[in-house]
Amino acid sequence: MKREVLSVVLLTGLLMWQCSGTESDVSLKSSLDKGISRVNRAASVISKTKGYELMTVSDMTKSGDGYSDSINLEQIAGVYDFTPETYECWHFSMPLWKFSKTGDSDVLIMNMPQKLVTHPRYLFNPDPEEAAAENDFTVTATKYHYWYSFLNRFDYMLDAGFTLKGEDIGSLEVASSGESYAGKSYTSKYSFTDDYSFEVAFTRGDTSVSSMALVEGDELLMGEENFFVHSGFRTFERKYVLTIGDVQIVRMSGVDSIEVYLDGVLQKNAAAFITDEGDEEGSVCRHRDLELTFDDGTTAKLSELMGPSLEILKELSGPMREMYFARRIIDHLAMSVYYRQR
């Protein structure tokens, strides 16, 4: 997966509204309502998918991190089936389940009961009903690279698709690397089966950029970008951009007002006010809310307009930023194969 995918999507959306006409016959309020309606519909569809359940699993017990190692796809490629036995060995206090190799492949294919991924506590604690469980969940990883060392040095890549009872339920792409905490970067994208995808990304350097995007096909439904600069031990937000449909809200340091655009046209009579509940990174998927004042003088808060959809995106954004599913489930499964071969 290209790490620039999210930036390209956001840039495409930016160019589209910049290339729009200089005048618009559509009111800011109706355009925002239309954009939010599409976001709400997408969030509702996504929240009912099995992919959403995978990305937001909450009963994580522990992680396989804490030591250095290097694993490539070539070392673990093949077809593996979960066998109903208790874990057979420990590696750095990490239990490893037994998967039997049942075929050769250039990719990693692992068949297992779905509860091992929807209820990850069973990866670490045996369940007496395992013997009757069906291997109805399949992970197919076409790319996998795991390299971690001490002092925050790492390089990681995963492209994997998932099926449940033979039915496609989406795919996950992750890329992350860093020479130190200051050089950390990552992208994490889940493609759902209804033509929707959700992606988060972060790059840390002299200027850090954090972003997220909700996309339908190739069309950006909602996007957010934060640009930060670092001075000593303090961090300052230099620029913030929120895009919902044809509406874009921009705040830049050194500019007194928050600018509101419709189809690339500055709305001189519109206003926006941003509130942050804490010192966390400013994001509508975390602690940020926006209040807009329209041409007719009425106001509306983004949190009220989006309602449950904002909570759905928050629930999805956090685990994907932390790469919970990839790091705590897929890595654990890959290690279960890798260490048994050594």
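Conventions we followed
- Residues numbered from 1 in each chain as written.
- Predicted model: local features only at pLDDT ≥ 70, side-chain atom pairs only at ≥ 80, totals over all residues.
- Heavy atoms only, no water.
- Helix = DSSP H or I, 4+ residues; strand = E, 2+ residues; numbered from the N terminus.
- Buried < 20%, exposed > 50% of the residue type's maximum accessible area, 1.4 Å probe, protein only.
- Contact = heavy atoms within 4.5 Å.
- Areas by Shrake-Rupley, 256 points an atom, 1.4 Å probe, with all protein chains shown as cover.
- Pairing = 2+ DSSP bridges.
- Axes fitted to C-alpha atoms, helices over the stretch in contact; angles between N-to-C directions.
- Core = buried A, V, L, I, M, F, W, Y, C linked by side-chain atoms within 4.5 Å.
- Salt bridge = Lys/Arg side-chain N within 4 Å of Asp/Glu carboxyl O.
- Parallel < 35°, antiparallel > 145°, perpendicular 65-115°, else oblique.
- Left-handed = near helix turned anticlockwise from the far one by under 90°.
- Nonpolar A, V, L, I, M, F, W, Y, C, P; charged D, E, K, R; others polar.

Trainee: How would you explain the overall build of the protein if you had to name every residue and give the values?
Mentor: Secondary structure assignment for the protein yields eight helices and 20 strands. Across the 342 residues in the protein, those meeting the buried criterion constitute 49%. Long-range pairs, those at least 24 residues apart, make up 55% of the contacts in the protein with a sequence separation of at least 6. Counting every atom, the protein has about 16,200 Å² of accessible surface; 48% of that belongs to carbon and sulfur.

Trainee: Could you give me a rundown of the sheet that holds strand 20 (residues 299-301), with the residues and numbers involved?
Mentor: Read across the sheet, three strands follow the order 18-19-20 without closing on themselves; strand pairing throughout is antiparallel. Strand pairing shows two members of the sheet lacking a second neighbour, strand 18 (271-276) and strand 20, which therefore form its edges. Across the sheet, the axes of successive neighbouring strands diverge by a mean angle of 15°, strand direction being ignored. Relative to strand 19 (residues 288-293), strand 18 runs antiparallel, the two being bridged by six bridges. In the sheet register, Asp276 faces strand 19, and the bridge partner there is Arg288.

Trainee: I'd like a rundown of the nonpolar core, residues and numbers included.
Mentor: Counting 86 residues, the largest nonpolar core has Met112, Tyr144, Leu158, Phe162 and Met222 as its most contacted members. Per element, the largest residue contribution to this core is ten residues, and it comes from helix 8 (residues 324-340).

Trainee: Lay out the pattern of salt bridges with the relevant residues and their values.
Mentor: A side chain with one charge can pair with a side chain of the opposite charge if their charged atoms come near. The final tally for this structure, using the stated rule, is eleven salt bridges. Glu219 serves as the salt-bridge partner of Arg38, at 2.8 Å between the closest nitrogen and oxygen. Of the two residues, Arg38 sits in helix 2 (residues 28-47) while Glu219 sits in strand 13 (residues 219-231), which places them 181 residues apart along the sequence. The class for Arg38 is partly exposed, based on a relative accessible area of 22%. Here Glu219 falls in the partly exposed class, since its relative accessible area comes to 39%.

Trainee: Please give an account of the packing of helix 2 against helix 7 (residues 308-322) that cites residues and values.
Mentor: Look at helix 2 against helix 7: their axes get within 9 Å of each other, and the N-to-C directions meet at 55°. Taken together, the axes of helix 2 and helix 7 lie oblique to each other. Pair helix 2 / helix 7 crosses with left-handed handedness. Contacts between helix 2 and helix 7 involve Val39, Asn40, Ala43, Ile46 and Ser47 from the first element and Ser309, Ile312, Leu313 and Leu316 from the second. Of the residues assigned to the contact of helix 2 with helix 7, the class counts are six nonpolar, three polar and no charged.

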